[in-house]
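# Examination of the molecular architecture
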Amino acid sequence: MQQNQMLGNRGPRYRHVQGEEAPYETITVDKLTPIIGAEIGGVDLARLTNRQFDEIHRALAENSVIFFRDQTLGQDEHLDFGRRFGPLHLHPAAPHEPGKPELMIIHADRDSPRANGEGWHTDVSCDVEPPMGSILYIKTCPPKGGDTLFASMYAAYEALSDRMKAYLDGLTAHHSGEHVYRGTYANHGVKDKDSYPRADHPIVRTHPVTGRKGLYVNRGFTTRINGLPRDESDAILRYLYEHMESPLWQCRFRWRANSIAFWDNRCVQHRAMWDYWPHVRSGNRVTVAGDKPV
Ligand code: SIN
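An account of the accompanying structure is given in this report.

Turning to helix 1 (residues 50-63), a few remarks are in order. Compared with an ideal rise of 1.5 Å per residue, which puts 14 residues at 20 Å, helix 1 spans 20 Å between its outermost C-alpha atoms and is within 8% of the ideal. Three or more residues of helix 1 are buried, namely Gln52, Phe53, Glu55, Ile56, Ala59, Leu60, Ala61 and Asn63. Looking at the buried positions of helix 1, the neighbouring elements they touch are strand 1 (28-31), strand 2 (38-41), strand 3 (65-68) and strand 14 (259-264). Residue Ser64 follows helix 1 closely and has a positive phi angle near 75 degrees.

So, about the pairing of strand 7 (residues 148-152). Extensive coverage of strand 7 is indicated by the burial of 5 of its 5 residues. Burial along strand 7 is two-sided: the face carrying Thr148, Phe150 and Ser152 and the face carrying Leu149 and Ala151 are both buried. Bridge count between strand 7 and strand 13 (residues 250-253): 4 bridges; the pairing is antiparallel. The residue of strand 13 that forms the bridge with Phe150 is Cys251. Across 5 bridges, the pairing between strand 7 and strand 15 (residues 268-272) is antiparallel. For Ser152, the partnering residue across the bridge sits in strand 15 and is Val268.

This paragraph deals with the sheet that holds strand 12 (residues 222-225). One open sheet holds the 3 strands; their spatial order is 9-8-12, and the pairing between them is antiparallel. Only two strands of the sheet have a single partner each, and these edge strands are strand 9 (198-202) and strand 12. Looking at each pair of strands side by side, their axes are set apart by 25 degrees on average, direction ignored. Here 5 bridges tie strand 8 (residues 172-176) to strand 9, and the two strands are oriented antiparallel to one another. Across the sheet, Ser176 pairs through a bridge with Arg198, a residue of strand 9.

Attention now goes to the site of the ligand. In the neighbourhood of the ligand, the contacting residues comprise Ile106, Asn116, Gly117, His121, Asp123, Leu136, Thr148, Trp263, His270, Ala272, Arg281 and Arg285. Within the side chain of His270, a nitrogen or oxygen atom sits 2.9 Å from an oxygen atom of the ligand. At a separation of 2.8 Å, an oxygen atom of the ligand approaches a polar side-chain atom of Arg281. Surface burial for the ligand is 99%, taken as the share of its 260 Å² of free accessible area covered by protein chains. Judged by its atoms lying within 2 Å of the grid points, the ligand is housed in the largest pocket. Mapped by element, the contributors of at least two residues to the shell around the ligand are strand 15 and strand 16 (281-288). Of the residues that constitute the shell around the ligand, the class distribution is 4 nonpolar, 5 polar and 3 charged.

All of the buried residues in helix 2 (residues 75-83) are His78, Leu79, Phe81 and Gly82. Seen end-on, helix 2 carries its buried residues on one side only, within an arc spanning 155 degrees.

On to the sheet that holds strand 14, then. Strand order in this open sheet of 8 strands is 1-2-3-14-6-16-5-4, and the pairing throughout is mixed. Either end of the sheet is taken by a strand with one partner, and the two such strands are strand 1 and strand 4 (96-97). Sitting on the sheet, helix 1 touches strand 1, strand 2, strand 3 and strand 14, and the angle it makes with strand 3 is about 130 degrees. With respect to the sheet, helix 2 is in contact with strand 4, strand 5 (100-108), strand 6 (133-140), strand 14 and strand 16, its orientation differing from that of strand 5 by roughly 110 degrees.

A separate point is unusual backbone geometry. Omega for the bond connecting Trp277 with Pro278 falls within 30 degrees of zero, at 10 degrees, which places this linkage in the cis form. Residue placement: Pro278 occurs in the loop between strand 15 and strand 16. Notably, Val124 is not glycine yet its phi reads approximately 45 degrees, a positive angle. Inspection of the secondary structure puts Val124 in the loop between strand 5 and strand 6. One non-glycine residue, Asn258, adopts positive backbone phi at about 70 degrees. Tracing the backbone through its elements, the reader meets Asn258 in the loop between strand 13 and strand 14. Classification of Asn258 as partly exposed rests on a relative accessible area of 27%.

About the criteria used
- Residues numbered from 1 in each chain as written.
- Predicted model: local features only at pLDDT ≥ 70, side-chain atom pairs only at ≥ 80, totals over all residues.
- Heavy atoms only, no water.
- Helix = DSSP H or I, 4+ residues; strand = E, 2+ residues; numbered from the N terminus.
- Expected span 1.5 Å × (residues − 1).
- Buried < 20%, exposed > 50% of the residue type's maximum accessible area, 1.4 Å probe, protein only.
- Contact = heavy atoms within 4.5 Å.
- Pairing = 2+ DSSP bridges.
- Axes fitted to C-alpha atoms, helices over the stretch in contact; angles between N-to-C directions.
- Near = heavy atom within 4 Å.
- Polar contact = N/O pair within 3.5 Å; in protein donor to acceptor, adjacent residues only side chain to side chain.
- Areas by Shrake-Rupley, 256 points an atom, 1.4 Å probe, with all protein chains shown as cover.
- 1 Å grid on protein atoms, 1.4 Å probe; cavity = no way out; pocket = protein on both sides within 12 Å on 5 of 7 lines; lining within 4 Å.
- Sits in = over half its atoms within 2 Å of the grid points.
- Nonpolar A, V, L, I, M, F, W, Y, C, P; charged D, E, K, R; others polar.
- Arc of directions from axis to C-beta.

Bear in mind that shape data such as this cannot, by itself, settle questions of function.
What follows is the structure, encoded as C-alpha cells:
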C-alpha cells in the first residue's frame, strides 16, 4: 500500500500511495491525514455491537490511531472497551484510580511538576512485552491547548534510504524504565519500586496484524543500540529520532471534553503538549497488553 524512495530532488520526501479501502458499514471513518489518524463516528462505545467492534479494529489497523468524540463511558465501561481488544496492561509506575490498577490517571494542573508524555515516546517500551495500544479518555480539557501529536513509525521506516534500512536490519536496542519512572510520580504519592523494567527489542519491528515494518526506538525509553560503540549508537539514534519526528507523518489531535484517542503502540509514537498551564487537563488511560516485538 505504501512505498517510498528519495527519487532525486523531485516530489515529496515520503510518498504515500493511497489505496482503495473497502467501505465501512457500521461506523464512519474520517481520516485526519492520508498517512495517520482517523475520527470514528456513529458509535457509542458503551453500547458496541460485534460488527462495530470489528470495524473499529480494522480502522485502527488502517489508520494507526483513531479518535472518538462525545463519549460517556463510566470507568468500568472504559475498562470493558479495552478488554475487548485483549488483556489489560498494568503500568509499572503510574498512579491509578482507587481499586482499579488498570485505570491509569492522566492529570495535570497548576501544581503539577510535569505532565504525562511530554516527549516523543511509545508507551512502556521498556517492558519485555510492551503494550499493544492505549485508550486515553480525556474528560476535562483546558480552554485551549493540550493537543496530542502522533507519528507513524511505518512511514518513518518506509522513508529511510535502502542503505539505512540495510544497516538497521537485525540490530536491537536497549529500552529502560529506570530513568523514566524513578521518582516521577512522587507528587502523586507513588513510592518507587526496587527496579523498573528493561528489555531489548529489534529496532525495526513487524506489526503482527498488518505485516508492515515500523521503527521501534524512542527518545523516552531507548538508551542504546546493542553491539555498537557508544558514539555510533548515539549518532544513529539521534538521526532516527529527528527523522521520526518529521511533521510529514504526523497528525495532531485537538481534544474536547469526552473525547477518546486509541493509538497502536506497535506503529505509533506520541507526544502530549503541556502548553495549557495553569489549567487542568484530566482523564484516564486504559492500556491493552501486547506481544514481544519481532
Ligand atoms: C500518554 O503518554 O499516555 C499521555 C498522552 C496525553 O496525555 O495526551
